[in-house]
2 protein chains.
Amino acid sequence: MCQLLGMNCNVPTDIVFSFTGFAMRGGHTDTHHDGWGIAFFEGAGVRLFVDHQAAIASPVAALIKSYPIKSRNVIAHIRKATQGKVALENCHPFVRELWGRYWVFAHNGDLKEFAPVLNGAFRPVGCTDSELAFCYLLQQLRERFGDNAPPLAELREAVGELARSIAAHGTFNMMLSDGAALFAHCSTRLCYVVREYPFATAQLSDEDVSVDFSQVTTPEDRVAVIVTEPLTTNERWTEFLPGEMKVFVDGTPLP
Amino acid sequence: MCQLLGMNCNVPTDIVFSFTGFAMRGGHTDTHHDGWGIAFFEGAGVRLFVDHQAAIASPVAALIKSYPIKSRNVIAHIRKATQGKVALENCHPFVRELWGRYWVFAHNGDLKEFAPVLNGAFRPVGCTDSELAFCYLLQQLRERFGDNAPPLAELREAVGELARSIAAHGTFNMMLSDGAALFAHCSTRLCYVVREYPFATAQLSDEDVSVDFSQVTTPEDRVAVIVTEPLTTNERWTEFLPGEMKVFVDGTPLP
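Residues numbered from 1 in each chain as written. Chains lettered and ligands numbered in written order. Predicted model: local features only at pLDDT ≥ 70, side-chain atom pairs only at ≥ 80, totals over all residues. Heavy atoms only, no water.

Draft legend 1. Local environment of the relation of the copies chain B and chain A. Under the fitted operation, chain B is carried onto chain A by 0.0 Å of movement along the axis and a turn of 180°, and the coordinates agree to an RMSD of 0.0 Å. The symmetry that links the two subunits is that of a two-fold axis. With an isologous cut-off of 70% or more, the 100% of interface residues of chain B that recur at the interface of chain A puts this contact in the isologous class. (Least-squares fit on C-alpha atoms with pLDDT ≥ 70 in both. Contact = heavy atoms within 4.5 Å.)

Draft legend 2. Region of the structure containing the interface of chain B and chain A. Listed by partner, the interface residues are 35 residues for chain B and 35 residues for chain A. At the boundary of chain B with chain A, the tally comes to four salt bridges. The residue A:Arg47 makes a salt bridge to B:Asp51 at a minimum N-O spacing of 3.2 Å. Scanning the region where chain B abuts chain A turns up 12 residue pairs in polar contact (both at pLDDT 80 or more). Among the elements of the structure, β3 (45-51), α2 (59-66), β5 (94-98), β6 (101-108) and α3 (129-145) of chain B are those that each provide at least two residues to the side of chain B that touches chain A. (Salt bridge = Lys/Arg side-chain N within 4 Å of Asp/Glu carboxyl O. Polar contact = N/O pair within 3.5 Å; in protein donor to acceptor, adjacent residues only side chain to side chain. Helix = DSSP H or I, 4+ residues; strand = E, 2+ residues; numbered from the N terminus.)

Draft legend 3. Just the pattern of salt bridges, in detail. In total, this model carries 24 salt bridges over all chains according to the counting rule given. Notably, a salt bridge pairs A:Glu97 with B:Arg96, separated by 3.2 Å at the nearest N-O pair. Taken together, the residues span two chains, with A:Glu97 in strand β5 (residues 94-98) and B:Arg96 in strand β5. Here A:Glu97 matches B:Arg96 in class, with each residue buried. A:Lys246 serves as the salt-bridge partner of A:Glu244, at 3.3 Å between the closest nitrogen and oxygen. A:Lys246 sits in the buried class, given a relative accessible area of 17%. One network of salt bridges, with partners in common, ties together A:Glu42, A:Arg47 and B:Asp51. (Buried < 20%, exposed > 50% of the residue type's maximum accessible area, 1.4 Å probe, protein only.)

Draft legend 4. Looking closely at the sheet that holds strand β1 (residues 3-14) of chain A. All names here are of chain A. Taking strand neighbours across the sheet as the criterion, the seven strands line up as β3-β2-β4-β1-β12-β9-β13 in an open arrangement whose pairing is antiparallel. Each having just a single partner strand, β3 (45-51) and β13 (238-239) make up the two edges of the open sheet. Pairing of strand β2 (residues 36-42) with strand β4 (residues 70-78) involves five bridges; the strand directions are antiparallel. Counted as the bridge partner of Ala39 is Ile75 from β4. Running at roughly 170° to β1, helix α1 (residues 16-24) makes contact with β1, β2, β4, β9 (191-196) and β12 (222-227) of the sheet. (Pairing = 2+ DSSP bridges. Axes fitted to C-alpha atoms, helices over the stretch in contact; angles between N-to-C directions.)

Draft legend 5. Structural context of the sheet that holds strand β2 (residues 36-42) of chain B. All names here are of chain B. Pairing is antiparallel across the open sheet formed by seven strands, whose spatial order is β3-β2-β4-β1-β12-β9-β13. Two strands bound the open sheet, and with one partner strand each, they are β3 and β13 (238-239). Here helix α1 (residues 16-24) sits on the sheet in contact with β1 (3-14), β2, β4 (70-78), β9 (191-196) and β12 (222-227), set at roughly 170° to β1. Packing of α2 onto the sheet brings it into contact with β2 and β3, and relative to β2 it is tilted by some 40°.

Draft legend 6. Inspection of the pairing of β2(A) at higher detail. Residue and element names in this part refer to chain A. Across the seven residues that make up β2, a large majority, seven, are buried. Side chains of β2 alternate between two faces, with Trp36, Ile38, Phe40 and Glu42 and Gly37, Ala39 and Phe41 buried alike. Two successive antiparallel strands, β2 and β3, enclose a turn made up of two residues, where Gly43 displays a positive phi of approximately 60°.

Draft legend 7. The arrangement of α1(B) in detail. The element α1(B) is extensively covered by neighbouring structure, given that eight of its nine residues are classed as buried. Buried residues of α1(B): B:Phe17, B:Ser18, B:Phe19, B:Thr20, B:Gly21, B:Phe22, B:Ala23 and B:Met24, and no others.

The following block contains the structure:
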């Protein structure tokens with residue numbers, strides 16, 4: 001299985017602290033050493049870094065840990081291959097364009113007997129069930145809403161329905177973002193924390209690193225971090241329920 | 001205007017030497033300081049690095065210069081903004097998926113009165129004429145060939161026709177690759193060199209760096225480097241003719 005990390009904020013924020021702990025699981029504190037990837041939205045653009053090396057050994061991961069790229073929506077993934085060989089084209093997150101915006105997707109889990117009919121609008125390049133699910137999801141959104149993006153409430157309903165239908169084939173913990181909202185669906189395991197004023201010090205679980213967020217934030221900042229397993233030892237993480245999807249906007253889950 | 005760099009090889013090869021000279025033009029030996037980008041195919045996958053900082057100041061460019069990523073097809077671009085603000089979404093190369101493979105595109109030049117009708121299959125995320133041309137090009141390929149990629153000879157003819165029709169709107173020096181072939185169209189300026197056995201020492205124009213390729217190659221290796229302005233002082237670069245398109249496969253232009 002793999003692990004997922006997402007961040008959704010109301011102002012561009014760097015993910016160095018959370019990624020530092022998360023990347024340790026890529027071969028050090030955990031066994032997810034079959035590649036990793038991270039995508040940052042910056043305005044309408046996306047920076048995608050993928051590597052088939054273990055995150056702890058990757059010079060690209062070292063760059064991410066030292067270079068504070070600021071973003072309002074980030075999705076990261078460390079992989080333990082279950083389907084699909086260890087190759088760059090099978091590394092999450094995946095990126096496609098729909099409605100003139102980029103969509104970023106990462107998945108943790110396995111899908112069985114999942115063979116949706118694709119119409120060719122979005123086709124997998126690699127051989128994972130995850131990329132297939134992403135292509136199917138975007139195809140269905142485009143079929144449903146045509147050439148223009150719907151309001152967020154309709155999008156939320158559609159993504160939720162599609163996630164449930166895909167999750168019927170197995171485990172479908174996933175994160176999806178169009179740069180405005182971050183959709184997180186839980187089959188088995190996902191949790192989140194919202195950091196906001198008054199900020200406190202957080203201590204990583206996977207490495208002896210802590211940060212006092214009150215020193216690096218303003219009172220208006222708000223950051224939601226969503227992850228497979230809690231990243232810190234002294235914050236209260238909220239567990240998703242199995243089958244639950246949450247949509248994060250401006251650093252908080254929509255009610 | 002911008003500058004383009006492409007590499008097409010018969011075995012995975014690193015581009016550290018050529019990129020080192022090319023990146024110097026991103027704000028040092030030349031004035032292309034409005035962002036840069038580079039895309040490497042690795043198998044079916046693509047690594048894309050884009051940055052809106054000048055290439056000489058970018059920590060990501062420093063990584064590329066020190067980390068030898070091996071690839072058979074690379075396209076790089078340094079930007080001097082003429083249309084579109086300086087933003088990540090306007091940085092070349094652009095990537096889209098068609099026929100289950102990634103396509104990478106970069107462009108140097110300006111297009112005037114270029115407003116093709118898009119059917120929604122591929123839509124620009126940023127606001128450059130370049131990304132619009134790329135979306136139009138892929139849309140037309142898909143309309144022409146349907147759901148399956150044609151043989152290379154047919155693809156070459158179609159890309160050539162489309163490049164000529166787009167070039168009627170202005171300057172269209174461009175590079176396009178699907179990971180197998182590299183298509184290079186010249187409106188005003190493009191040149192190439194093929195490095196093959198017996199290899200010699202090459203000296204960069206933009207920095208005091210040379211490399212003896214005979215020490216780092218095997219006799220079977222063959223590498224074509226395509227660029228806006230020659231990168232070395234002691235190799236014989238072949239100029240493209242205006243209006244000419246060449247297709248590079250396995251490190252050599254097709255006859």
